[in-house]
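Examination of the molecular architecture
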Amino acid sequence: VGRVPHLQEWITTGAASLKRLAGRFYHEVLLCDELKGADPQLGWLTDGFAPGELDMEGVGDDEFGWAADGIRHTAWHCGPGKAAAWPRDWAEGDVIGCAVDIDAGLMHFSLNGAWCPEAVLEFCLPLGQAMYPAVSARGDFQLLLQESRWRFSPPDGGEPHSPWADCGDFGRPRRRAQPQGW
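As a starting point, this report considers the structure included with it. (Residues numbered from 1 in each chain as written. Predicted model: local features only at pLDDT ≥ 70, side-chain atom pairs only at ≥ 80, totals over all residues. Heavy atoms only, no water.)

**Re the packing of aromatic side chains**
Across all of its chains, the model carries seven aromatic pairs by this definition. Aromatic pair Tyr 26 and Trp 150: ring centres 4.6 Å apart, planes at 90°, arrangement edge-to-face. Of the two residues, Tyr 26 sits in strand β2 (residues 24-31) while Trp 150 sits in the loop between β12 (141-144) and β13 (162-163), which places them 124 residues apart along the sequence. With relative accessibility at 0%, the residue Tyr 26 sits in the buried group. Members of the aromatic cluster, each reached through a chain of ring pairs, are Trp 44, Trp 86, Trp 90 and Phe 109. (Phe/Tyr/Trp six-rings, centres within 6.5 Å; stacked < 30°, edge-to-face > 60°. Helix = DSSP H or I, 4+ residues; strand = E, 2+ residues; numbered from the N terminus. Buried < 20%, exposed > 50% of the residue type's maximum accessible area, 1.4 Å probe, protein only.)

Set out below in structure tokens:
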């Protein structure tokens, strides 16, 4: 059994078992904690991403991931890239919408249902690589992968976006409560 990081440790986690090679998909990330110092990077990884032991390498830090960051107002791919203007800094309780069209090479992001055109990312998925939703951050968060859990709608236009999953939730790994010893 691996060590479960404390909530204040910056981790990278994702739903690798749901990876896809093509299509249009949507998910949301519910930010459940105060974000001061959380440095959230929300988006997608490919199966080329090599997780390390709390090494501060996260979504968008290398060529195998893309992310939006509404605290530092930055788009991430191979490290910090272009500025990504958001209407305001992300805050506890915000829902970040993440829509990807793998075939068209476009990623869109929303803040509480309002799509942010300045945060659109273009990408080219490496040949043979599949992608999946992922988060790098400190604090608590939930990936809302099934349509019944979405708080808002995917962007309009073109073919509809599919959910990544039909059931289950995916959140930050948690420690189990310790027995009280009685």
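**Some details on the pattern of salt bridges**
Evaluation of the coordinates by the stated rule reveals six salt bridges. The residue Arg 24 makes a salt bridge to Asp 101 at a minimum N-O spacing of 3.0 Å. With Arg 24 in strand β2 and Asp 101 in strand β7 (residues 95-101), this residue pair connects regions lying 77 residues apart in the sequence. You'll find Arg 24 and Asp 101 in the same group, each marked buried. Here the salt bridges share partners, and the residues they tie into one network are Asp 39, Asp 69, Arg 72 and Arg 138. (Salt bridge = Lys/Arg side-chain N within 4 Å of Asp/Glu carboxyl O.)

**Structural notes on unusual backbone geometry**
A positive phi is found at Asp 39, a non-glycine position, where the angle reads about 50°. As for its position among the elements, Asp 39 is in the loop between β2 and β3 (41-46). Although it is not a glycine, His 73 adopts a positive phi angle of roughly 50°. With respect to the secondary-structure elements, His 73 resides in the loop between β4 (65-69) and β5 (74-76). Residue His 73 is classed as partly exposed on the basis of its relative accessible area of 21%.

**Focus on the sheet that holds β3**
Reading across the sheet, the six strands line up as β1-β11-β3-β4-β5-β6 and stay open at both edges, with antiparallel pairing between neighbours. Each edge of the open sheet carries a strand with a single partner, namely β1 (11-14) and β6 (80-83). Across this sheet, the average inter-strand angle for adjacent strands is 25°, counted without regard to direction. (Pairing = 2+ DSSP bridges. Axes fitted to C-alpha atoms, helices over the stretch in contact; angles between N-to-C directions.)

**A word on the side chain of Thr 13**
Looking at the element boundaries, Thr 13 is found in strand β1. Apart from the residues lying within four places of it in its own chain, the contact partners of Thr 13 are Ala 134, Val 135, Phe 141, Phe 170 and Pro 173. (Contact = heavy atoms within 4.5 Å.)

**Quick look at the pairing of β12**
Two strands pair when backbone bridges link them, and β2 and β12 are joined in this way by four bridges, in the antiparallel orientation. For Leu 30, the partnering residue across the bridge sits in β12 and is Gln 142. As paired elements, β12 and strand β14 (residues 170-171) share two bridges and run antiparallel to each other. By the bridge assignment, Gln 142 is partnered in β14 with Gly 171.

Everything listed is a geometric property; what it means functionally is a separate question.
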